[in-house]
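Inside the fold
Each chain is listed here by its residues.
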Amino acid sequence: MGDSAISVSGVSKNFRIFSEQNRSLKGAILRGNRTRYEEFWALRDIDLEIPQGKTFGLLGNNGSGKSTLLKCMARILKPNKGEIHHRGRMAAMLEVGSGFHPELTGRENVFLNSAILGMTRAEIERKFDSIVDFAGEAVARSIDQPVKNYSSGMYVRLGFSVSIHVEPDILLVDEVLAVGDMEFQEQCMEKFADLKRDGRTVVVVSHALDQMRTFCDYAAWLDNGQIARLGVANDVISSYIEDEHGARSAAGAGVRFGTGEVVIDRFEVITDRGVNPAQVHSYEPVHIRMHYTAKERIPDPSFIVSIDHVDGQSMWSNHTKDADYLPADVRPGPGSLDVVIPALNFRPGTFYINGSVHSSDGGVLDCLNRSLKMTVIAGDPKESGGLVALGSHFDEMTPERPMKKAKAPGQGPVDLETYVSPHKRGEDRRQRS
Amino acid sequence: MTISSVRERLSARVLRNPTVNLIANLTMRDVTSQYKRTMLGRVWSLINPLATIATFSVIFGLFFGQRIVPGANSGLTNYALFVACGIIPWGFISTGILTGMGALTDNAGLLAKVYFPRHALVVSTVLSLTWTFLTELTMLTIIMAIAGGPRVLLYIPVVLVVVVINAVFVLGIGMVLSVLVVYFRDVRHIWALFTQIWFYASGIVFTIDVVRAGAKTIAEHGYGWIPLLGVFEANPAYQFISAYRALLFDFTFPSPGTWLNIIVSALVALGIGILVFNKYQAQIVEEL
């Protein structure tokens, strides 16, 4: 308690959703100020201590209340119940460049924006050069131009640069890490690392889970306005991914199109542990089964199964014609087809299973996309980044040096025949079809 | 204390205090961006009152033949100058309150994204309009000095005191209305309507003699209980304009009654303004 940068105790926040769109004086007088509304509790009884000098992540689905909590911490919203205390100077970065005036020059806007973020005149004058430097050469060249002439990239750079130069004891950040080009993002991450090194507290709301994993020390997972889990970031993020994105039919049952002579009923992800496990491990052998019903005989058909990352990146696909798997026809009635994947070499993430059935001339009979989600979590060996899992390990250092820690068992290439999941948790989960 | 030492202390405060710095910057934003991209720029702030003065002079001075009491020390009888001394302060009061009222709703995006002392928006809006008002007053003072003699220059410090009191009055009402308009958008329209009535109730285009005559007429018809004259004289806008007129048209000090009225109404407006604003300012963001 003593060394908390922010302490949140018993905080609840509700929003009133008014049944009538326009709240007018007439309405208030007629109804004697008893305007009809529904209450929506965005936060319920949140207790949270954010330790000083740590980076703390808030995660959860859309509408879980994480941004509301951040806004309450930032004093933008006032909780209905409970209290929030903070120690030291606090700045919020909920949107970069808020308060930029398009007609004013970059220089004037730096002064204005810094003032809005709570800097004193002396501070701004001291930091001005560094702010412009950080924003990059293009911005520096047009610092005396009105910002309406700036490109969106320059705008964001300057806004971010001002925000980061507030150098607060506590920085609240909402989804702004994903701005600018790669080079600028790296620059930003460096600056965040600097803040962390200086013992400043950072609270981040983000959907970029991988980024949060590397960036945050602790995290809280919010679900329906309550804290579902609180603790070390890595654990919280893992359990969030497992529980929230377990293999299940996507909302709305996916996107479907085609002429309809054959209808794809559903997909199944099958592993040794059952049908549609909550998550699949990297390197795990997987069958993807496509269930379909044909209304008539289809001669010379072809099938495609593909996997996309939730971000939209196509990960893999296979076509029966490319695989030389050429059935003579499809008989009317139900049927199924398996794609056998000996090892799912994906890094942890969430993926969509897609598929389609085609007639002999290539026409789409049915195509079902995004109907099934599959979550992949780390297998053994763990790897660090990217989209694919290669089962790599480090070796052959010259000159040979003694290793500080004994090689953990299981490190090294995976033997798929004897592969046993290190994560037993998924096994007791239901089998859903 | 010399002026330069005051300036030094002031700038030291701006250097150290983030809220003062914020208000200064927001004021600068409003002042510099107001006439950006217009060809005439700041000249517009003089053209507008001049056009109104010309209109009223023709209609009330020429057509209706409105007579005015010659200025006490200036001896001025020019109706256009009489209107000018009323219309310029009136412009400050009415646009000041109207713009102050919109200070929160117009900056909804900013309020939802950054925390800063919310009153800074209303204060800076009123300050930037005060700046515009001062440039107009400077122009007016020069014209009055040319028309009525340089004696008016002696009253400049007193005019500045009245401007400060006036700004406090506008700020107080602006603070109340800025919160109210967040909850009830109708207020803006009601206020526009009220302003029209208020304009004629503030004696800008006629002297109080006209009201006195009107009061006499209704008294003759048995409605003497209506305190027409009393309401007119209690109106702070009328009193503010009387103060400016005393100084700039008559070249005299405002009467003690005027001083009392403007000081009390400014303090009451500010008091209520701070009270209302502090009570509601934390909740306004979700209502925007």
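Criteria and thresholds
Residues numbered from 1 in each chain as written. Chains lettered and ligands numbered in written order. Predicted model: local features only at pLDDT ≥ 70, side-chain atom pairs only at ≥ 80, totals over all residues. Heavy atoms only, no water. Helix = DSSP H or I, 4+ residues; strand = E, 2+ residues; numbered from the N terminus. Contact = heavy atoms within 4.5 Å. Areas by Shrake-Rupley, 256 points an atom, 1.4 Å probe, with all protein chains shown as cover. Buried < 20%, exposed > 50% of the residue type's maximum accessible area, 1.4 Å probe, protein only. Expected span 1.5 Å × (residues − 1). Bend = angle between axes of the 7 residues up to and from the residue. Pairing = 2+ DSSP bridges. pLDDT = per-residue confidence, 0-100. Salt bridge = Lys/Arg side-chain N within 4 Å of Asp/Glu carboxyl O. Polar contact = N/O pair within 3.5 Å; in protein donor to acceptor, adjacent residues only side chain to side chain. Axes fitted to C-alpha atoms, helices over the stretch in contact; angles between N-to-C directions. Core = buried A, V, L, I, M, F, W, Y, C linked by side-chain atoms within 4.5 Å.

The helix and strand tally for chain A stands at nine helices and 22 strands. Looking at chain A alone, contacts between residues at least 24 apart form 73% of all its contacts between residues at least 6 apart. When the accessible surface of chain A is totalled, it reaches about 21700 Å², and 48% of it is carbon and sulfur.

All names here are of chain B. With respect to the helices and strands, the residue Ala84 is situated in helix H4 (residues 79–102). Classification of Ala84 by relative accessible area gives buried; the value is 4%. C-alpha separation for the pair Ala84 and Ser57, spaced 27 residues apart in sequence, amounts to 9.2 Å.

Moving on, we come to helix H3 (residues 44–63) of chain B. All names here are of chain B. Counted at 1.5 Å a residue, the expected span for H3 with its 20 residues is 28 Å, and the 27 Å between its end C-alpha atoms agrees. At Ser57, H3 shows its strongest bend, of approximately 30°. Along H3, the residues that are buried comprise Ser45, Pro49, Ile53, Phe56, Ser57 and Phe60. Where H3 is buried, its residues touch H4, helix H6 (119–148) and helix H8 (186–200).

Residue and element names in this part refer to chain A. Strand order across the open sheet formed by four strands is S13-S12-S15-S20, with antiparallel pairing between neighbours. On the outer flanks of this sheet lie strand S13 (274–275) and strand S20 (333–341), each paired with one strand and no other. With eight bridges joining them, strand S12 (residues 262–271) and strand S15 (residues 286–294) adopt antiparallel strand pairing. Within S15, the position partnered with Ile264 by the bridge is Tyr292.

Residue and element names in this part refer to chain B. Secondary-structure assignment places Gly273 in helix H12 (residues 256–280). Given a relative accessible area of 0%, Gly273 falls into the buried group. Residues Gly273 and Phe169 lie 104 residues apart in sequence; the distance between their C-alpha atoms is 9.5 Å.

Let us now look at the confidence of the model for chain A. Residues and elements named next belong to chain A. Averaged over all residues, the pLDDT of chain A equals 81, while 84% of them reach at least 70. Contacts from residues 246–252, a stretch scored under 50 in pLDDT, to residues over four places away or in other chains number 20 contacts. Throughout residues 407–433 the model reports pLDDT below 50, and contacts reaching past four residues in sequence, or to other chains, amount to 44 contacts.

What follows concerns the pattern of salt bridges. Tallied over the entire structure, the rule returns 20 salt bridges over all chains. Two residues, Asp194 of chain A and Arg197 of chain A, come together in a salt bridge whose shortest N-O distance is 3.1 Å. With a gap of three residues between them, Asp194 of chain A and Arg197 of chain A both fall in helix H7 (residues 182–197), about one helical turn apart. Residue Asp194 of chain A is classed as partly exposed on the basis of its relative accessible area of 31%. Salt-bridge contacts for Asp30 of chain B lead to Arg29 of chain B; the nearest nitrogen and oxygen are separated by 3.5 Å. On the basis of relative accessible area, Arg29 of chain B is assigned to the buried category, the value being 10%. A single salt-bridge network, built from bridges that share partners, covers Arg89, Glu123, Lys127 and Glu167 of chain A.

Turning next to helix H4 (residues 121–135) of chain A. Spanning 15 residues, H4 of chain A covers 20 Å between terminal C-alpha atoms, matching the ideal 21 Å at 1.5 Å per step. Considering bend angle alone, the principal kink of H4 of chain A is centred on Lys127 of chain A and spans about 50°. Restricting attention to buried positions, one finds in H4 of chain A the residues Glu123, Ile124, Lys127, Phe128, Ile131, Val132, Phe134 and Ala135 of chain A. Taken together, the buried residues of H4 of chain A touch helix H3 (106–116), helix H5 (137–141), helix H6 (152–164) and H7 of chain A together with helix H2 (18–34) of chain B. Immediately beyond the C-terminal end of H4 of chain A, within one or two residues, lies Gly136 of chain A, with a positive phi of roughly 105°.

All names here are of chain A. Among the structural elements, Ser163 can be located in helix H6. Under the relative-accessibility criterion, Ser163 is labelled buried at 5%. Ignoring sequence-local partners within four residues, the contact set of Ser163 consists of Met93 and Leu117.

As a further point, take the side chain of Ser12 of chain A. All names here are of chain A. Locating Ser12 in the fold gives a position in strand S1 (residues 4–18). Under the relative-accessibility criterion, Ser12 is labelled buried at 6%. Engagement of the side chain of Ser12 in a polar contact is seen with the backbone nitrogen of Asp45, the distance being 2.9 Å. Other than its neighbours up to four places away in sequence, Ser12 contacts Trp41, Leu43, Arg44, Asp45, Pro79, Asn80 and Lys81.

A few words on the sheet that holds strand S5 (residues 90–93) of chain A. All names here are of chain A. One open sheet accounts for six strands, arranged S5-S6-S7-S3-S8-S9; its pairing is mixed. At either margin of the open sheet sits one strand with a lone partner, and together these are S5 and strand S9 (226–232). Here the strands of the sheet are splayed against their neighbours by 15° on average, with no regard to which way each runs. With four bridges joining them, strand S3 (residues 55–59) and strand S7 (residues 201–205) adopt parallel strand pairing. Looking at the pairing, Leu58 lines up with Val205 of S7.

Glancing now at the nonpolar core. Counting residues in each nonpolar core, the largest one holds 159 residues, and the members touching the most others are Ile6, Leu48, Leu58 and Leu172 of chain A together with Met144 of chain B. Excluding its chain neighbours within four sequence positions, the residues that come into contact with Met144 of chain B are Leu76, Leu81, Cys85, Gly149, Val152, Leu248, Phe249 and Phe251 of chain B. In terms of nonpolar packing, the next biggest core, distinct from the first, is built from 29 residues, Ile307, Leu337, Val357 and Leu372 of chain A among them.

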